[in-house]
Amino acid sequence: MSETVRVVARRAPIRRALPALLAAGLILSGQARAADPFKVGVIAEAQSVAGAAIPKAVQLAADEINAQGGVDGRQIQVVTYDDKSSASDAVRAFQRAVSEDKVNLVIASYISEVVLALMPWSARLKTPMITPGAASNEISVAVHKDYARNRYTFHGYLTSHALAQSVCDSAKEALVGLLKAKSAAIMSEDAAWTRPLDAAYEECLPKSGLKVVEHVRFSPDTGDFTPIYNKIEAAKPDLIVTGIAHVGVQPTVQWQNQQVPIAMTGISGQATSSTFWANTNGGTQGVLFDAIAVPGVAMTEKTNAFTDAYIKRFGGAPSYAGYMAYDAMHYAADAVTRAGSTEADKLVDALEKTDWLGTVGRIQFYGKDETFTHSIKYGRGFVTGLLAQWQSGKQVAIWPTEVANGTLILPPAVKPAVQ
């Protein structure tokens, strides 16, 4: 008998005994081996303020969970990819993450166009994906319209509709009374996330006591905002309500340099970053913006602990997407524990049952029978966000009153509306 035949013969009894050994728990299958990590792919925009916080926050959360023993004894392994703010690069990263790096879950992007491009691949490759920063209604509406196909996508941030409602709620309670404001001009960049945002502004601002007197949409490549501000000033609004995230610092710096006599509020992705003051050389003084959290404001018992840990490790405070990415890693790990598996459909079922107190509020997802399926719930008791203002280099919370740590101030060029 040759040596090869002898080796095969010796192994044959072991092969025949494998089923019994597996059943007895003496040998663990590949899926159940404790050494196998829970692999999380993170696709984000490394060069942008908002996007750069995503992999950092996920890694911070993963390290905390791993220090406590991991997920059912399995360590979390984070694999990061820079999509360079490109949908095509993001798609290639997603394909590599699943096919080559064998990730179990993807946390991806703050750009709506990127997430919308990834959704078909999440469906095809049956890989759960959570976005911690994209806002477009189309993401969760697509899950609602074709649940069977798109159920693998979770909208781990507020929809544009919910963001608009937060702006309107804060304006009604904090600005209409204090500034005696009666009218507003909408000023938004032309992007997928702002189309539904602006539509919701048009609907909810009048209900908050603000008549919409002008509506400007501009290219994110705009460099000179002088004609835009001239047009807005001619309409004589009491407030400028923004929808900006990708345009950069120009609208804020020029608003300050040109001493535009109208208070600016709304959604400003850059204003949520702790570096915005330095990036604008103080041009953000007096700018109001809606956010989900800011440093030093305890939205929940977990907010400040995360903020402090992030600042200690990375230098600056996290962007809004950082808060959401940190929470996403934690509730995803909780879902794996509850599911007892990283198998995609079981993980999706567990994510749908998420009830997690995060850094920004209590996180639950809307169900498949609701319009914004798999988006996080907005409102009191869930995630409301806050109205903040840049004051002397710091972000100060103005609304809601239960978390506010400051009061509204007016920029020098802005005067209260005349009754």
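The following paragraphs examine the structure supplied in this document. Because the structure is predicted, anything quoted here is derived from the model rather than measured. (Residues numbered from 1 in each chain as written. Predicted model: local features only at pLDDT ≥ 70, side-chain atom pairs only at ≥ 80, totals over all residues. Heavy atoms only, no water.)

Turning our attention to the overall build of the chain. Broken down by element type, the chain carries 14 helices and 14 strands. In terms of C-alpha radius of gyration, the chain reaches 24 Å, essentially the compact-globule figure of 22 Å for 419 residues. Dimensions along the principal axes, computed over C-alpha positions, put the chain at roughly 100 × 35 × 35 Å. Across the 419 residues that make up the chain, the buried fraction comes to 55%. (Helix = DSSP H or I, 4+ residues; strand = E, 2+ residues; numbered from the N terminus. Rg over C-alpha atoms; globule rule 2.2 N^0.38 Å. Buried < 20%, exposed > 50% of the residue type's maximum accessible area, 1.4 Å probe, protein only.)

Time to look at the sheet that holds strand 7 (residues 211-218). In sheet architecture, strand pairing relies on hydrogen bonds along the backbone and comes in two forms, parallel and antiparallel. A sheet is described by the order of its strands in space; here four strands give the open sequence 7-6-8-9, paired in parallel fashion. Single-partner strands in this sheet number two, and they are strand 7 and strand 9 (263-268). Strand after strand, the sheet turns through a mean of 20 degrees between neighbouring axes, direction not considered. The strands that helix 7 (residues 160-175) touches are strand 8 (239-244) and strand 9; relative to strand 9, the one it contacts most, it runs at about 150 degrees. (Pairing = 2+ DSSP bridges. Axes fitted to C-alpha atoms, helices over the stretch in contact; angles between N-to-C directions. Contact = heavy atoms within 4.5 Å.)

Now for the sheet that holds strand 5 (residues 153-155). Pairing within the open sheet is parallel, and its five strands lie in the order 2-1-3-4-5. Two strands close off the open sheet at either side, each with one partner strand: strand 2 (76-82) and strand 5. Recorded for the sheet is a direction-independent mean angle of 20 degrees between the axes of neighbouring strands. Of the strand pairs in this sheet, strand 4 (residues 129-131) and strand 5 are connected by three bridges, and their pairing is parallel. In the sheet register, methionine 129 faces strand 5, and the bridge partner there is threonine 153. Contacting strand 3 (105-108), strand 4 and strand 5, helix 4 (residues 112-124) runs over the sheet at an angle of about 165 degrees to strand 4. Packed onto the sheet, helix 13 (residues 320-339) meets strand 1 (38-44), strand 2, strand 3 and strand 4 and runs at close to 150 degrees relative to strand 1.

Here asparagine 137 shows up in helix 5 (residues 137-145). Taking the relative accessible area as the measure of exposure, asparagine 137 reaches 12% and is therefore buried. Side-chain polar atoms of asparagine 137 contact the backbone nitrogen of histidine 161, separated by 3.0 Å. Non-local contacts of asparagine 137, meaning those with residues more than four positions away in its chain, are made with Thr159, Ser160, His161, Pro196 and Phe372. (Polar contact = N/O pair within 3.5 Å; in protein donor to acceptor, adjacent residues only side chain to side chain.)

Applying the stated criterion across every chain yields a total of 13 salt bridges. Its salt-bridge partner being aspartate 345, residue arginine 151 comes within 3.0 Å of it at the nearest N-O pair. Of this pair, arginine 151 sits in the loop between helix 6 (147-150) and strand 5 while aspartate 345 sits in helix 14 (residues 344-352), and the two are 194 residues apart along the sequence. As a salt-bridge pair, arginine 151 and aspartate 349 come within 2.7 Å of each other at their nearest N and O atoms. Here the residue arginine 151 occupies a position in the loop between helix 6 and strand 5, and aspartate 349 occupies one in helix 14, the gap between them amounting to 198 residues. Its relative accessible area of 12% is what places arginine 151 among the buried residues. The class of aspartate 349 is partly exposed, set by a relative accessible area of 32%. What emerges from the salt-bridge pattern is a single network uniting Asp190, Arg195, Asp198 and Arg217. (Salt bridge = Lys/Arg side-chain N within 4 Å of Asp/Glu carboxyl O.)

With that settled, consider helix 14. Inspection of helix 14 places Ala344, Leu347, Val348, Ala350 and Leu351 among the buried residues, and these make up the whole buried set. Within helix 14, the buried residues cover an arc of 165 degrees as seen down the axis, which keeps them to one side. Residues of helix 14 that are buried in the fold lie against strand 3, strand 4, strand 5 and helix 13. (Arc of directions from axis to C-beta.)

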